[in-house]
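Spelled out, the chains give:
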Amino acid sequence: SQRKRQSSLRLATPSLEPPLCYFLVGQTNLKSPQDIQVYVVNTNFTLRWKYTGNDTDVTFSAEYRWFEDFKVDGTEWKKLPGCQNDTRTECDFSSAITEYYDKHHLRIRTERREEVSPWSSIFEMTPYDIAQIGPPGIELQSINGVIKIKVSPPEANQVQKMWIDDLSFKYNLVIWENSSNAEFRSQSIFPTDKIYDLAPDTTYCLKVQATYPLESKEGLFSPVHCIKTTHKVNVTFCATNVSILALNMKFHLHWDNRYKQHVSYNVQYLSGYLKKLYDDYSVKWLNVPGCENITDTQCNFSSIITTVSGTFYLRVQAMIENNKSCLSNEVKVIPLVTNEIGPPGVKVDISDDVLLHIQIYPPGGSESEVMRDNYDFSYRILYWKNSSNNEEEIKMKEIKQTIGTISDLTPSTLYCVKVQAFSKAYNKSSHFSKEECIKTPGDKILPLVILATFVTAVVAVLLVAAPLIFVLYQAYSKIKYVFFPSCQPPLNIEGFGGQLFNSPYRPTAEEPIENFSIIETIITEDLNQIDFKDYKHSKQSSRDSGNYSNDDDTSGSKASEEMLEKEIV
Amino acid sequence: MNDFGLILIGLILCTTTISSLQCNHLPLQQRKVIENSLQLLDKMGKKFPQQCLREEMSFRFPEQVLKLGQREAVKMAIEEIFHHIFYIFSKNLTLAAWDGTALEQFQNGLYQQIEQLEACVIKKQTHYFQKKEVNRLKLKKYFQKIDCFLKDKQHNLCSWEISRAEMRRCLQLIDKVVRRLNN
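Note that the structure is predicted; figures quoted are calculated from it, not measured.

## What about the packing of helix H2 (residues 26-44) of chain B against helix H4 (residues 100-120) of chain B?
Residue and element names in this part refer to chain B.
Here is step 1: Two elements in contact, H2 and H4, have axes whose closest approach is 9 Å; the angle formed by their N-to-C orientations is 160°. Between H2 and H4, the angle is such that the two are roughly antiparallel. As H2 packs across H4, the resulting crossing turns out to be left-handed. Here Leu26, Gln29, Gln30, Val33, Ser37, Leu40, Leu41, Lys43 and Met44 of H2 lie close against H4, whose contacting residues are Ala102, Leu103, Gln105, Phe106, Gly109, Leu110, Gln112, Gln113, Gln116, Leu117 and Cys120.

Below you can see the structure in the form of C-alpha cells.
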C-alpha cells in the first residue's frame, strides 16, 4: 500500500521530485545512489554508481526517459532494462538505447525489500556525445622487410552501430621495437597499408586506434600485436627516385634505374579515394595509357588527370625478361598543389596619352582556362627604366585583371616590363615572363606646335604679301605712266627719209582695215587730215611700249603723206 | 559536454603537434568541389525515373545547420556533410547502374577535400567544439535516415535515385551558402 501511494504521488507531479513527500509517506533510511557515471564504448552502455550506505542487502533499480527528435518534453519514465534489482553498483543497459542522437535521462534508487530510497539526481546524456570509439581489428603480414597491415573498423559486422560512417575514421598506428628502451613511432595509416622503414629480422609490436578527426575523438587502442619482419630482398632492377614534374597541368613522371640490362616499365595509377575504403585496393591499380611496356624512364600521365579535384597515386612497375617485376614507391599527386604555374605571356603598348598598356596572357596555353578557373590568378608586374645607369629603381604593381596600365612615365625613355602570375590561395607563383621593352615617345607636342606655327605663318605671309606686292606694282606703273611719261620720240619718225623701211616699227597684221578707209578720206580734206593722221600715228605708235609719236613739223609735205600712205598700205 | 570530453580535448590539444600546412586554398577548392560534384551527380545517371515518384521520401534536411550566423560552425558543417555524402556513395551501387567514371570522379573530388581538411582541422577544432552541438546531431540524424532508407530498400534503383536527388538538393543548398560565405 505504501508503494501504491508512492506511485500515485509520482503520477501527480511527474516532473518534480519532492523528496519531502516521500519522507512523509514511507520511512526510509536508504541512501540514494550517488556519483552516477555512464561508460559507453561503441553501443555498449554501462551504468556505474556509488553507494555510500552501510547496508549490504540492497539492490538497485534504474529508470530512464528520452527526448525524441530534440523535443522539449520527454517520454514517460521507464524501467531501465538490464538495471533492475542489481546487487553490484554497475549494470549494462545497451539494449534500452536505440536513439543515439537523442538526449536521455537516467536515475537510480536503492531498494531493500519494501524500502526504496529517493531517486538519485538525474543523469543527463546524449549517447553519441559520450560514446567512445572502440578498438579496431588488426591483421598483420610480414613480407620482404615490410609489414602489411589490414585494419577493420571498430563495429565491423555489427548491425546496430554507433559509428555509422566508418569511412570517417582515421587510424593511428603506434609501433615500437620489441626491445628495451624502444622508441615509439606514431603514424597515420589507411585501412590497408604498408609499414616501411623497418629493420629486417626484427620483432616489432604495434597497436592501432581509430580517431574521428572532425570531432577530435580518439578511440581505444586495439590489443598489442607483435610480428617479426623478414629479410629484405634487394631487387636490383626496381625504379628509384620516382618524381613528378608538372608545368601548366602537363604532368610527367620521372624515375631512375641503375640496372644495366634491358628493363621495361608499366606506369600505374590509383584514384586516391580508394585507399580510404576497406576493400583491398591493390587490385584496382590501372595502367596509364601510353606508358605501358615502355623503356623510357619517363611518362606523361596528364591524360589520367581528368578533373583537378581528385588525388592520385602513381607507381612504376619494372619488368625484366623472366617476367620478374618490382614495384617502386608510390608518389601522390594533388593536381593543383603538385602543378607548377608557368610564366604568363606579355605584350606592351604605348598609347598617345603616354600610358603604358600591358596585355597579359594567362599561363597554361591549352589548359589556361582550367588554371584560371581554379587558381584565381593575380599578376605581379615589375617595371623599370632601362638606362645605362643600372641604378634605376624597379617598381612593382599587382593586379587581378589581364590588362595593366602604368602612368607617370617620363618621355623618351626605354621602359622594360616583366610579369609573374601567382595564386594567393595556393601560395604558388610562376617564373617571370621574358622582359618586354618599349620606348616612350619624346615630347612630340612642342616640335609639332612649332612646325605648325611656322607653316601657318609662312602661308599667312604669302597670302598677305602676294596681293600687296601686286597692288603696289600696279600703283607704281600707273603713277609712272601718269607722272613720268617717257620723252623719246617714236623711232619711225626719227629715221624719217631713208630709214623708213629700216625703221623697227612695222605695222602689225593686227591693224584693222577700217583705218585705211579713214586715211583716204582725210587726204581730200585740209589740215584736219593731218591731225587725223597724226592722231592715227600716235594711236599706232601707242601700241609700242613707250615710244610715243608726237606731232612732227608739218614740213613733211604731201609727198610724205603719200609716202606714209604707201607705207601704210 | 561533460568533464570526460573536456579532458579528452585537453589531452588532444597537448599531444598533437600544430603543423604549418598550407590551408589557404581550401575555401576556393571547396567551392570548386561543390560545383564539380553537382555536375557529376547529374552526369552519373539519367533523369529521375517516373516509377520512383511513388516512393518519394521526405528526409527534411536540417537547414538551420547552414544558417550564416556562425561562419566557422557552418564551414565545419559543410565538411561533415561531405563526409556523409562520401560514405553514402561508397555503398553497393550495382543496382543503380550509374556511370562508373563520373561516380569515381565524384568520390575522388569529395575525398580530396575531406583529406586536405583533415590535415588542417587541428587548427579549427577548438572553435567547433565550443559551439552548440544540437545542429550537428540533427545533421547526423538526417544522414542516418537516408542510410536506413537505403538499407531497408536493399539499395534498389529507386532508393538510389531518391537518395541521389536528395543529395543534389543538399549540395545546391550548400552551394548557395558557400557563395554567400565568400562574398
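## With respect to the packing of aromatic side chains
Here is step 1: Enumeration according to the criterion identifies 28 aromatic pairs over all chains in this entry.
Here is step 2: Between the aromatic rings of Trp49 of chain A and Phe60 of chain A, the centroid separation amounts to 5.2 Å while the plane-to-plane angle is 65°, which identifies the pairing as edge-to-face. Note that Trp49 of chain A is positioned in strand E2 (residues 44-50) and Phe60 of chain A in strand E3 (residues 59-67), a separation of eleven residues in sequence.
Here is step 3: Relative accessible area serves as the criterion here: at 2%, Phe60 of chain A is assigned to the buried category.
Here is step 4: One aromatic cluster is present, formed by Tyr101, Tyr128, Trp163, Phe169, Tyr171, Tyr212 and Tyr278 of chain A through successive ring pairs.
Here is step 5: The ring of Phe221 of chain A carries the charged tip of Lys207 of chain A above its face, separated from the ring centre by 4.3 Å.
Here is step 6: The ring of Phe70 of chain A has Lys138 of chain B lying over it, and the distance from NZ or CZ to the ring centre is 5.6 Å.

## Quick notes on helix H5 (residues 368-375) of chain A
Owing to its 3.6 residues per turn, the α-helix aligns residues three or four sequence positions apart on the same side.
Here is step 1: When we look at burial in H5 of chain A, the residues that qualify are Ser368, Met371, Asn374 and Tyr375 of chain A. The buried residues of H5 of chain A occupy an angular sector of 145° when the element is viewed end-on, so they sit on one face.
Here is step 2: Where H5 of chain A is buried, its residues touch helix H4 (335-338), strand E28 (377-385), strand E31 (414-423) and strand E32 (428-429) of chain A together with H2 of chain B.
Here is step 3: Two residues or fewer past H5 of chain A, Asp376 of chain A is found with a positive phi of approximately 55°.

## A look at the sheet that holds strand E1 (residues 34-41) of chain A
Here is step 1: Pairing is mixed across the open sheet formed by four strands, whose spatial order is E5-E2-E1-E9 (chain A). Where the open sheet ends on each side, the last strands, each with one partner, are strand E5 (90-92) and strand E9 (131-132) of chain A.

## Description of the interface of chain B and chain A
Here is step 1: At the junction of the two partners, chain B supplies 45 residues and chain A supplies 47 residues.
Here is step 2: In total, about 4200 Å² of surface goes out of reach between chain B and chain A, with carbon and sulfur atoms giving 57% of it.
Here is step 3: Considering only the side of chain B, the residues that lose the most area to chain A are Asn108, Leu137 and Lys141 of chain B, jointly responsible for 14% of the buried surface there.
Here is step 4: Applying the counting rule to chain B against chain A returns nine salt bridges.
Here is step 5: Note that Lys141 of chain B and Asp69 of chain A form a salt bridge whose closest N and O atoms lie 2.9 Å from each other.
Here is step 6: Of all the elements in the fold, those that place two or more residues in the side of chain B that touches chain A are helix H1 (3-15), H2, helix H3 (71-88), H4, helix H5 (125-130) and helix H6 (134-152) of chain B.
Here is step 7: For the side of chain B that touches chain A, the element with the most residues is H4 of chain B, which contributes eleven residues.

## Quick word on the confidence of the model for chain A
All names here are of chain A.
Here is step 1: In the predicted model, chain A carries a mean pLDDT of 83, and 80% of its residues have values of at least 70.
Here is step 2: Highest mean pLDDT in chain A belongs to strand E25 (residues 331-333) (96); lowest belongs to helix H10 (residues 558-568) (45).
Here is step 3: Under a pLDDT of 50 for its full length, residues 1-14 has, in the predicted model, 19 contacts with residues more than four places off or in other chains.
Here is step 4: The low-confidence segment residues 21-25 (pLDDT under 50) makes eight contacts with residues lying over four places distant or belonging to another chain.

## A word on the side chain of Ser61 of chain A
All names here are of chain A.
Here is step 1: Mapped onto the fold, Ser61 is located in strand E3.
Here is step 2: By relative accessible area, which is 4% here, Ser61 ends up buried.
Here is step 3: Within the local environment of Ser61, its side chain forms a polar contact with the backbone nitrogen of Asn85, the two atoms lying 3.3 Å apart.
Here is step 4: Discounting chain neighbours no more than four positions away, the residues touching Ser61 are Cys83, Gln84, Asn85, Arg107, Ile108, Arg109, Glu111 and Trp119.

What counts, and at which threshold
Residues numbered from 1 in each chain as written. Chains lettered and ligands numbered in written order. Predicted model: local features only at pLDDT ≥ 70, side-chain atom pairs only at ≥ 80, totals over all residues. Heavy atoms only, no water. Axes fitted to C-alpha atoms, helices over the stretch in contact; angles between N-to-C directions. Helix = DSSP H or I, 4+ residues; strand = E, 2+ residues; numbered from the N terminus. Parallel < 35°, antiparallel > 145°, perpendicular 65-115°, else oblique. Left-handed = near helix turned anticlockwise from the far one by under 90°. Contact = heavy atoms within 4.5 Å. Phe/Tyr/Trp six-rings, centres within 6.5 Å; stacked < 30°, edge-to-face > 60°. Buried < 20%, exposed > 50% of the residue type's maximum accessible area, 1.4 Å probe, protein only. Lys NZ or Arg CZ within 6 Å of the ring centre and 35° of its normal. Arc of directions from axis to C-beta. Pairing = 2+ DSSP bridges. Buried area = accessible area lost by both parts, 1.4 Å probe. Salt bridge = Lys/Arg side-chain N within 4 Å of Asp/Glu carboxyl O. pLDDT = per-residue confidence, 0-100. Polar contact = N/O pair within 3.5 Å; in protein donor to acceptor, adjacent residues only side chain to side chain.

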